[in-house]
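Summary of structural features
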Amino acid sequence: MTPSINADRLWQSILELARIGPTSEGGSCRLALSVEDKEARALLLDWCRPLNLHFEQDAIGNMFLSRKGRMDTAAAVAFGSHLDTVPTGGRFDGTVGVLAGLEVMRTLHDANITTGAPLELVNWTNEEGSRFRPAMMGSRVHAANMSLEAALAITDDEGTSVEAALHDSGQAGALVPSPRGWTCWLELHIEQGPVLEASGADIGIVTGTMHARYFQLMVTGEPSHVGPTTMDRRRDSLAAAAEIILAVERIALAAEPGGRASATWIENYPNARGNVANITRLHCDVRHEQAENAVAMEHELRGVLNAIGLRRGVNIAIDPYASFGPVAFDTRLADLLRDKASMRQLTTRDMIAAAGHDSVLMASLTPSAMLFIPSVGGITHNPREYSTKEQIARGAQILLDAVVELAR
Ligand code: GLV
Ligand code: MN
Ligand code: MN
């Protein structure tokens, strides 16, 4: 039998990490490559030091911590997640996957176990995409889904580039981002939805993901005075954006239960009292369990945008800047996770991930799988995000059991 992970140590580590970038409501804010993200990364490295892991970092800031196996030249079994958060983040999204991976390393270290194949723990850069779009940037670059040059040139809302943020945070590593020849990839994550809790299952076996399509919309009208300009002569980009935001929501409501969509970000110019706005930028995405339905949602969105633009005399430029999925994860790895759960008397449920994850990119490179643990109340990207110590420990144990078998 594989050794037991230390549930208390894992829980304490999660709480300790949450002291970096705390929000007033008890959540976490560690935007990618911020001061807080840098500090969290440094703490991870501190924790890894006594474990004799070999640290490497690539030029997009992805962190790789490898543990030697008996077979020096064998390909590694890799696992991990992300330490960055959204502005209203909780303490568990991403963090659980990285720190459960750390707990795997710690448990093996304590038990003096050397696996056959090497192991590799990964912290991916900018999974969230809150500060720099798109989401899953580090894993995209690693998987050549996006070029390093394109990623480095992307700027946040303040005009700081990814390149500058990597430099300023000291996270621009020496490695050229590229696949590392792993035998497989595993990611433990909180579910971020209500399914596991409602069904009473301990572990979610993630068989695949939704298909999501992301857009930046730029609405251009005409600047004018809010007083003298009669209503019929206004070309108001903000009013058009308001219609668009509700249209996106309507498209998702009509696509339920498999569909989801929201506009999430807005920038308005000149954003001045007394002025009818003339430039408004929005971000939104449409996603669905069935890829063709996500495509249909996009088609509907484009139709609505066209109609709004014509009726209001504004131009609406659509930049479809990213997408992910649909991905089907490796069925043999899923079987293994199911077996490991049942050997620990844990119940499982197959499910589809509605959020993007770095595993989506890994699935294009190597057999990949994800396991979910329940999210209390299905709450996420929210300071009230919560999974219990026991729920997390169960997930970490299954991760360890699977890793030990895969690296035997
Ligand atoms: C990112 O995680 C997304 O699901 O959009
Ligand atoms: Mn996440
Ligand atoms: Mn997230």
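Since the structure is predicted, the reported quantities are computational estimates derived from the model, not experimental observations.

The manganese ion (ligand 2) binds to the protein through His 82 (NE2), Asp 93 (OD) and His 189 (NE2); the donor distances cover 2.1 to 2.2 Å. Counting along the primary sequence, the residues that act as donors to the manganese ion (ligand 2) give the motif H-x10-D-x95-H. In this structure the manganese ion (ligand 3) is found 3.7 Å away from the manganese ion (ligand 2), and Asp 93 serves as a bridging donor for the pair. Highlighted residues: Asp 93 in the loop between β3 (77-81) and α3 (95-110) and His 189 in strand β5 (residues 184-190), separated in sequence by 96 residues. Relative accessible area serves as the criterion here: at 1%, His 189 is assigned to the buried category.

This part is about the pairing of strand β11 (residues 279-288). Counting buried positions along β11 yields 8 of 10 residues, so the element is predominantly enclosed. The pairing of strand β7 (residues 211-220) with β11 spans 10 bridges and is classified as antiparallel. Looking at β11, one finds that Gln 216 is bridged to His 283. Bridge count between strand β9 (residues 259-269) and β11: 10 bridges; the pairing is antiparallel. Bridged to Ile 266 within β11 is Leu 282.

Looking now at the site of ligand 1. Around ligand 1 sit Glu 127, Ala 135, Tyr 214, Arg 287, Ala 355 and Gly 356, and that is every residue in its neighbourhood. Within the contact set of ligand 1, an oxygen atom lies 2.6 Å away from a backbone nitrogen or oxygen of Gly 356. Protein burial of ligand 1: of its 190 Å² of free accessible surface, 85% is covered by the chains. Its residues assigned to classes, the shell around ligand 1 comprises 3 nonpolar, 1 polar and 2 charged.

The next point concerns the side chain of Asn 126. Here Asn 126 is to be found in the loop between β4 (119-123) and α4 (137-142). Here Gly 129 takes part through its backbone nitrogen, which lies 3.0 Å from a polar atom of the side chain of Asn 126. Within polar-contact distance, the side chain of Asn 126 engages the backbone oxygen of Phe 132 at 2.9 Å. Not counting residues up to four positions away in its chain, the partners in contact with Asn 126 are Ala 32, Asp 84, Phe 132, Pro 134, Ala 135, Met 136, Met 137 and Gly 138.

A word on the packing of aromatic side chains. Under the defined criterion, the tally for this structure stands at 10 aromatic pairs. Measuring from centroid to centroid gives 6.2 Å for Trp 124 and Trp 182, while their planes differ by 65°, and the two rings are edge-to-face. Pair noted here: Trp 124 is in the loop between β4 and α4 and Trp 182 is in the loop between α6 (162-168) and β5, with a separation of 58 residues, a long-range link. Overall, the relative accessible area of 8% leaves Trp 182 in the buried class. Aromatic pair Tyr 214 and Phe 324: ring centres 6.2 Å apart, planes at 50°, arrangement tilted. Within this pair, whereas Tyr 214 is found in strand β7, its partner Phe 324 is found in strand β12 (residues 315-324), the two being separated by 110 residues in sequence. The same class applies to Tyr 214 and to Phe 324, which are both buried. One aromatic cluster in this structure is built from Phe 64, Trp 124, Trp 182 and Trp 185. The ring of Tyr 321 carries the charged tip of Arg 133 above its face, separated from the ring centre by 4.4 Å.

Take the coordination of the manganese ion (ligand 3) next. Reference values for coordination geometry: four tetrahedral donors around a metal ideally subtend 109.5 degrees, six octahedral donors ideally subtend 90 or 180 degrees. Here the manganese ion (ligand 3) is held by Asp 93 (OD), Glu 128 (OE), Glu 128 (OE) and His 381 (NE2), and the distances to it run 2.0 to 2.6 Å. Counting gaps between the donor residues of the manganese ion (ligand 3) yields the pattern D-x34-E-x252-H. The buried category is assigned to Asp 93, whose relative accessible area is 5%. Exposure remark for Glu 128: the relative accessible area of 12% places this residue in the buried category.

Nonpolar side chains collect at one region of the surface, where Leu 238, Ile 245 and Ile 266 lie side by side and expose about 220 Å² of accessible area between them. Residue position: Ile 266 is located in strand β9. Given the relative accessible area of 44%, Ile 266 is considered partly exposed.

With that settled, consider the environment of Ile 203. Looking at the element boundaries, Ile 203 is found in strand β6 (residues 203-209). When the C-alpha positions of Ile 203 and Leu 371 are compared, they lie 6.7 Å apart, and in sequence the two are 168 residues distant. Ignoring anything within four residues of it in the chain, the contact list for Ile 203 reads Leu 196, Leu 346, Thr 347, Thr 348, Arg 349, Leu 371, Phe 372, Ile 373, Arg 394, Gly 395 and Ile 398.

Here we come to the sheet that holds β11. Pairing is antiparallel across the open sheet formed by 4 strands, whose spatial order is β9-β11-β7-β12. If you trace the sheet from one side to the other, it starts and ends with β9 and β12, each paired once. The sheet shows a mean angle of 15° between the axes of neighbouring strands, taken without regard to direction. Against the sheet, helix α8 (residues 237-254) engages β7, β9, β11 and β12, with an angle of about 170° to β9.

This part is about the domain arrangement of the protein. In terms of domains, the protein is made up of domain 1 (7-209 + 326-406) and domain 2 (211-324). When each unit is reduced to the centre of its C-alpha atoms, the spacing between domain 1 and domain 2 is 33 Å. Across the contact, 13 residues belong to domain 1 and 14 residues belong to domain 2. The contact between domain 1 and domain 2 buries some 1,000 Å² in all, and 56% of this surface belongs to carbon and sulfur atoms. Among the residues of domain 1 in contact with domain 2, Arg 133, Pro 326 and Ala 354 are the three that bury the most area, contributing 45% of the side total. The tally of links between domain 1 and domain 2 comes to 1 salt bridge.

Rules behind the numbers
Residues numbered from 1 in each chain as written. Chains lettered and ligands numbered in written order. Predicted model: local features only at pLDDT ≥ 70, side-chain atom pairs only at ≥ 80, totals over all residues. Heavy atoms only, no water. Donors = N, O, S within 2.8 Å, 3.2 Å for Na, K, Ca; no water. Helix = DSSP H or I, 4+ residues; strand = E, 2+ residues; numbered from the N terminus. Buried < 20%, exposed > 50% of the residue type's maximum accessible area, 1.4 Å probe, protein only. Pairing = 2+ DSSP bridges. Near = heavy atom within 4 Å. Polar contact = N/O pair within 3.5 Å; in protein donor to acceptor, adjacent residues only side chain to side chain. Areas by Shrake-Rupley, 256 points an atom, 1.4 Å probe, with all protein chains shown as cover. Nonpolar A, V, L, I, M, F, W, Y, C, P; charged D, E, K, R; others polar. Contact = heavy atoms within 4.5 Å. Phe/Tyr/Trp six-rings, centres within 6.5 Å; stacked < 30°, edge-to-face > 60°. Lys NZ or Arg CZ within 6 Å of the ring centre and 35° of its normal. Patch = residues over 30% accessible without salt bridge, like charges linked within 9 Å, V, L, I, M, F, W, Y side chains within 5 Å. Salt bridge = Lys/Arg side-chain N within 4 Å of Asp/Glu carboxyl O. Axes fitted to C-alpha atoms, helices over the stretch in contact; angles between N-to-C directions. Domains from an automatic or database assignment. Buried area = accessible area lost by both parts, 1.4 Å probe.

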